Structures are given as structure tokens and as C-alpha cells.
Amino acid sequence: MQKKIFAYIMSVLLITLIISGIFTVQTIEKQHFSNMEEKLVSASYILSQVLSEDIQADNIEHIKAVLSKVSRELNVRITLIDRQGTVLGETSYDPSLMENHLKRPEIQKALKGSVGKEIRFSSTMKLDFMYIAQPIYRDDYIAGVIRLSTPMKEIKGLMKSINGNLLLALIPGLFLSLLLVYRISISITSPIKEIKNAAVDITLGKLDPSINITSRDEIGELAKAIDFMAASLRDKINSIRDKNTRMEAILSSVVNGIIAVDSNENILFINPIAQKMLNIDEGDIAGKHLLQVIRNNKIDNMIKGILENKSFEENEISLNYPTQKIFRLNSNAIKYPESDRIIGIIIIIQDITEIKKLEKMRSDFVANVSHELKTPLTSIKGFVETLKAGAIEDQAAAVRFLNIIEDEADRLNRLISDILSLSELENRKGKTRYEIINTADKIREIISLLQNQAVHKNIDLIVKVEADVRMLHGDPDQFKQMLINLVDNAVKYTPEGGKVQVTAYNTKNEVVIRIKDNGIGIPKEHIPRLFERFYRVDKARSRNVGGTGLGLAIVKHIIMQFQGKIDVVSEVGQGTEFILSIPRET
Ligand SMILES: Nc1ncnc2c1ncn2[C@@H]1O[C@H](COP(=O)(O)OP(=O)(O)OP(=O)(O)O)[C@@H](O)[C@H]1O
Ligand SMILES: [Mg+2]
């Protein structure tokens, strides 16, 4: 740009200089020429007047003296010619050696009465000459011609020196203008360069370009406009960034997973919850293909189906890795505002694993309750029918049957009260009685209640409570029920002659109660499910000892009310230990 401007201005300058130079030289040359001509014409006129009388008097000597004087003064060559063309006098040459001049055009013109002007080669002097010939009148007729001439060489020499001077003046002038033009081109291009740099800065995201242009011309206006544009761009980008941050914050705090993909299944957005749900490693995954990130054909097929059929329905999928999960996926089209064009889909993912589990537990519970209630009822009904059919007549059998009916009724009763206390525990949810429980006293009271049962089975039931064991805080009835259930199990699942030991002691923040037996033990795989309702390791065996599988479910609820925890350590054939850790009163 700078070079271009420089070249343009320089060429315009040069052309102007050359044209005006040529014009000036020509004008000067013309001027000089006409000056010279005028000088010769007037001098020749004066001479023709002066010499008119001398010619009449034939005063040749005087004529020669005048001519040579004038010739010296004016630095011109003078020739005097008579009517016949004979050269009478000549200042630069011997007239006797000169040929007849009658044929010379300037002489011809002068003899006709006008001033002869001619530029031509002089055969006498071998040079180009300017000739001015003037007629000399004697009375009324032309007696001769006076001719003044000067060599063109002189005019040309003068012109050469003028040209040389002009050229001499031109070189520094040219040099100066070169410098000036260079400065001008820089002053034009440097603000443009500055504006260009600012534009590059803006493209690179630097939205506060420093343009130091204060001129009031178009460039200044352009700089101002760019400054203004950058500022408004900055404002717009900031507000978009703000909006985006807010939107991302909102979408990130939603409890459900959100994934948005375009119609090529490239991820537009995914929130952290979705990443966690689908076990996607952190990192920049926007723009990647869904399959590249999720690697789950079920989800991929679902999205493909939605994109193809444009049906947005609810889907459930289960994933087995890393843990078993069930997700509910709701999808919807992302449409361009004010048009129906679908540019992608948004999928809301809800983790329904827990809901599904609860649903299953509830339906299992209903099935289990019905089953558990039906068994004793069937048995009762059977024995009643047998009695009615005649067994009532047999006294001994009747008593035996009635005892069984009573046992089954007791079992029903226990079952119903267990179910009731469980549902009561579930419904209460925190709204329990809060009392100070004397841990040692309460444990001893419970053990004495179960002592009979243990003695009956020839089981050694031992209590080891440290003297300073701390008080607990909670519902004493619940505490009692929890311990009864655990000690009852220990006695129930320990063969005759075994040993059950209850220990209680303090730790830094808790009271620990351990119920340890040397009974049948629990296989490892059953331990995680032990606290589920109706869960029994060996259904037949448990039912034989009157178990319904609700005892430990109740224990689990109660220990939660106490904000404590329960652990199980068991070895098949060796025995089991339940360890309760309950936050203590200070
Ligand atoms: N100390 C223990 N030793 C061995 N197995 C045990 C022990 N405690 C519990 N179990 C196993 O855990 C299962 C669940 O116990 P839970 O107390 O919930 O039910 P239950 O004893 O069968 O019936 P109940 O509702 O009458 O207590 C039992 O059926 C039994 O198989
Ligand atoms: Mg039990």
C-alpha cells in the first residue's frame, strides 16, 4: 500500500515536472528567440535609416566604420548588399570573396520592401544563422539591403546552459520531493496499518484495541467506528458469556442428567450429572460423537429411532456397568425458534434405580405378607376341618390339633405385630420418643426376659457390661425390641449347649454392644440382604423355629432411629456376631 502510494505520487510528480520542464524550456527558447529577432529587426531598421544618407553620398568608409562598431557592440554579423546582390560590406568576412547574395530569400524579401527573416545554413560561415534583412531606401526606391545575422549556435548554447541549470535545480528538488512523498505515504498508510492491526486483534478476541488516531478525516472516523464496534462487540460477548454461564449453572444444578445432541449425534451439551450417571470421564466432550463417549448401543439406537421416526417417547434402559442402574430417558426435539426444523434432541435422564428397587420391594412385601399369612391360616383351616370331620371325638388327637391351631394363631399374631411395628417404624420417620436410657440396666432386663428361652435350649447366656457404660438417648421400647430381636436370633440359631454372649462398652463417641454366638453362622453371600424384610437364609429352617424374616428389618429401622450402625461378622459353623455402635450421651 505504502509502496503503491509512493509510486503513484512520484509518477504524477515526475510527469508534471517533465511536462512543465519541457513547456518552460520551450517558452524560454521561444522568448529568447523572439527577443533576438526583435533586437536584430530594430537594429537593422535603425541601421537602414542611418545608412540611407551614407549610401546616397557613397560614403563607404563611414559605412564600414558604423557597421564594424555596431557589429562589435551588438555582437552580430552585418552585411551590406546593393540592389544587384553584390556584397558591399561585411563585418566577419572579406566581401570581395563573397558570392552574389541576390538569391538569398531574406534579401529577396527585403528588396520587395518588407523585412526578410530567415534561419538557414550559411555557406560562407558554415553555420546555422538567423538572418534579418531590411531594405535601405534612397528617396523612394530600394538602394540596397542591410542584413544582420547571428549564429544559432549562440541561442542553442544559451538554451543548453538554461537546460543545465534547470536540471541542476531539478535534482535536489526531486530528492526533496522524494523525501516528502515518502513521508506523506507513511502518514497515509501508518493509520491504516494501525487499524488493520486492531482488526486482527479483534479477530483474535482482544476486544480492547488501542487505536491512537485522533485525526478528523475519514481515517479518524474509521478508527472511531472500529473502536465503537469493538466496545459493542465486547458488551455483546460479555452478555452472551454471562447468559451462557447462568444457563450452564442452571443446567448443572438440575438433579437429572441432560444431554443435547445435534442431528448427527454430536454432543452439543452434557451436564455433570449425566456424565456421572453414564460413567463418562471428565474432559471436553462437547462436539464429539455420542457413541465415542457413551459406548452404549441401547442409547444410540434409541436416539437413532427418535431422529428417524421423530417420535419422542419415554424410554427405560438398564446399564450393568459399573453398577446395575435403571434410567428413564425422556427426549424432546430441539427446534429452531419460529420454525419446525429439528436441529437435534435433548434427553433428560432420570436415575430410577432406587424407585424401581422400592417398587419391587413393595410388591415383594405384599406377596410375602400374603404368603406368610396364608401358611398358618391354611394350617388352622386344615386342622379345624379335620376336627369337624370327626377327629373331635378323639380326645387326645383333638387336644394335639387344638395346640397346633393355637401355635399357628400365635405365629399369625407375631407376624401381624411385627408387620405393624415395622410399618409404624417406617411411618414415624424421626418422630420418636427421646428419653435417657440406662444402657446397663436395660440390657440386663432384656437378658432376664430371654434367660428362660436360653435355659430351655441349654444355652449359656452371658452378659458382660462395663460398669461405666454410658447412657443412650432414644426410645427405650425400641431399644428393647432391637436387643430382643438380636438375642432371640442368637439363641434361635445356636444349637443346644451353645453359648451367647452380650458385651457392652464405651468408645470415644459411642457405646458398642456386641451379641455373639457360636451357632450355625451365616454364609457370606447372604449377609448383604440379611436386613431386607422377609429375608431368611434357610426358609424352612427359620420357619421351623418360628421365624418370619422381619426381625432384622425391624432392627435396621431402629438402629437408624438411634443414628447408629450395625455390622455383622459371621463364619459358617463357627458363629455370628452382630455389633451395634450407637452415639452415646456425653
Ligand atoms: N445369629 C444368627 N445366626 C445365624 N443366622 C442368623 C442369625 N441371626 C439371623 N440369622 C439369619 O437371618 C435371617 C433373618 O433374621 P430375622 O431375625 O430377620 O428373621 P427370623 O429370625 O427368621 O424371623 P423373625 O422375624 O421371627 O425374627 C434368619 O432367618 C436367619 O437365617
Ligand atoms: Mg429373628
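Placed above this text is the structure.
Residues numbered from 1 in each chain as written. Chains lettered and ligands numbered in written order. Predicted model: local features only at pLDDT ≥ 70, side-chain atom pairs only at ≥ 80, totals over all residues. Heavy atoms only, no water.

Spatially, five strands are ordered 7-6-10-9-8 in an open sheet, and the strand pairing comes out antiparallel. Either end of the sheet is taken by a strand with one partner, and the two such strands are strand 7 (267-270) and strand 8 (314-319). Direction aside, neighbouring strands of the sheet carry axes that sit 25° apart on average. Pairing of strand 9 (residues 325-335) with strand 10 (residues 342-351), which is carried by nine bridges, proceeds in the antiparallel orientation. Counterpart to Ser 331 in the pairing with strand 10 is Ile 347. Here helix 8 (residues 297-309) sits on the sheet and contacts strand 6 (257-262), strand 8, strand 9 and strand 10; the angle it forms with strand 10, its principal contact strand, is near 140°. (Pairing = 2+ DSSP bridges. Helix = DSSP H or I, 4+ residues; strand = E, 2+ residues; numbered from the N terminus. Axes fitted to C-alpha atoms, helices over the stretch in contact; angles between N-to-C directions. Contact = heavy atoms within 4.5 Å.)

Here we come to the pairing of strand 10. Relative to strand 10, strand 6 is paired through six bridges, and the arrangement is antiparallel. Pairing of Ile 259 across the sheet is with Ile 347, part of strand 10. Counting the residues that bridge the hairpin from strand 9 to strand 10 gives six residues, and of these Glu 338 lies at a positive phi of roughly 60°.

In this structure, strand 1 (residues 77-82) lies alongside strand 2 (residues 87-90), joined through three bridges in antiparallel fashion. Bridged to Ile 81 within strand 2 is Val 87. Linking strand 1 back to strand 2 in an antiparallel pair, the connection comprises four residues, with Gly 85 at a positive phi of about 95°.

In this section: the packing of helix 1 (residues 2-57) against helix 2 (residues 60-74). Where helix 1 contacts helix 2, the axes come no closer than 10 Å and their chain directions differ by 165°. Looking at the two axes, helix 1 sits roughly antiparallel to helix 2. The handedness of the crossing between helix 1 and helix 2 is right-handed. Where helix 1 abuts helix 2, its residues Lys 39, Ala 43, Leu 47, Leu 51, Asp 54 and Ile 55 lie against His 62, Ile 63, Val 66, Leu 67, Val 70 and Leu 74. Residues of the contact of helix 1 with helix 2, tallied by class, amount to nine nonpolar, one polar and two charged. (Parallel < 35°, antiparallel > 145°, perpendicular 65-115°, else oblique. Left-handed = near helix turned anticlockwise from the far one by under 90°. Nonpolar A, V, L, I, M, F, W, Y, C, P; charged D, E, K, R; others polar.)

Take the sheet that holds strand 14 (residues 499-506) next. Strand order in the open sheet made by the five strands is 12-14-15-17-16, with mixed pairing throughout. At either margin of the open sheet sits one strand with a lone partner, and together these are strand 12 (460-465) and strand 16 (565-571). The mean inter-strand angle of the sheet, taken between neighbouring strand axes irrespective of direction, is 10°. Pairing geometry for strand 14 and strand 15 (residues 510-517), over seven bridges, is antiparallel. Bridge pairing links Asn 506 to Val 511 in strand 15. Sitting on the sheet, helix 11 (residues 439-456) touches strand 12, strand 14 and strand 15, and the angle it makes with strand 12 is about 175°. The strands touched by helix 14 (residues 551-561) are strand 16 and strand 17 (575-583); relative to strand 17, the strand with the most contacts, the crossing angle is about 25°.

Geometric descriptors of this kind do not, in isolation, establish any biological role.
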